[in-house]
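Each chain, written out:
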Amino acid sequence: MKQPDEGNLFTDLMELGPAPTMAREIVVIVISLAIVAVLFAVVGRSLPAFVALGVIVAFMGVRFVIGLRQWGKQS
């Protein structure tokens, strides 16, 4: 995991792993959910859209849990 002074919001959004701090990860989650909401509104309500939404939410949850373990070691 990078140090908090490395990278920026764009790199935090694009990485598979969690952001360096909990605050940055929460911002990433909020922005990701907003993007998904816009895409969901464009695509409409369909089974593939709900499956993709579930996968994205699960991925963001796993990222946050991994981050919790790493953020706890830093303090």
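Residues numbered from 1 in each chain as written. Predicted model: local features only at pLDDT ≥ 70, side-chain atom pairs only at ≥ 80, totals over all residues. Heavy atoms only, no water.

Further remarks concern the packing of aromatic side chains. Taken as a whole and judged by the stated rule, the model has two aromatic pairs. Considering the side-chain rings of Phe64 and Trp71, the 5.5 Å spacing of their centres and the 70° angle between planes classify their relative orientation as edge-to-face. (Phe/Tyr/Trp six-rings, centres within 6.5 Å; stacked < 30°, edge-to-face > 60°.)

Nonpolar side chains collect at one region of the surface, where Met22, Ile26, Val30 and Leu68 lie side by side and expose about 330 Å² of accessible area between them. Given the relative accessible area of 53%, Val30 is considered exposed. (Patch = residues over 30% accessible without salt bridge, like charges linked within 9 Å, V, L, I, M, F, W, Y side chains within 5 Å. Areas by Shrake-Rupley, 256 points an atom, 1.4 Å probe, with all protein chains shown as cover. Salt bridge = Lys/Arg side-chain N within 4 Å of Asp/Glu carboxyl O. Buried < 20%, exposed > 50% of the residue type's maximum accessible area, 1.4 Å probe, protein only.)

This paragraph deals with the pattern of salt bridges. Pairing between side chains of opposite charge can happen when their charged atoms approach one another. The tally for this structure, following the rule as stated, stands at two salt bridges. Of the charged contacts in the structure, one is a salt bridge between Asp12 and Arg24, with a shortest N-O distance of 2.7 Å. Placement of Asp12 in helix α1 (residues 9-14) and of Arg24 in helix α2 (residues 22-43) is noted, with a sequence separation of twelve residues between them. For Glu25, the salt bridge goes to Arg63, with nearest N and O atoms at 3.0 Å. Remark: Arg63 occurs in helix α3 (residues 47-74) and Glu25 occurs in helix α2; sequence separation between them is 38 residues. Across this residue pair, the class does not change: Glu25 and Arg63 are buried. (Helix = DSSP H or I, 4+ residues; strand = E, 2+ residues; numbered from the N terminus.)

Now for the confidence of the model for the protein. With 89% of its residues at a pLDDT of 70 or more, the protein has an overall mean of 85. Averaged pLDDT values for the elements of the protein fall to 85 in α1 and rise to 90 in α2. (pLDDT = per-residue confidence, 0-100.)

The exposure class assigned to Arg63 is buried, which follows from its relative accessible area of 2%. Here the side chain of Arg63 touches Gly17 through a polar contact of 3.3 Å, landing on its backbone oxygen. In terms of polar contacts, Arg63 uses its side chain to reach the side chain of Glu25, at 3.0 Å. (Polar contact = N/O pair within 3.5 Å; in protein donor to acceptor, adjacent residues only side chain to side chain.)

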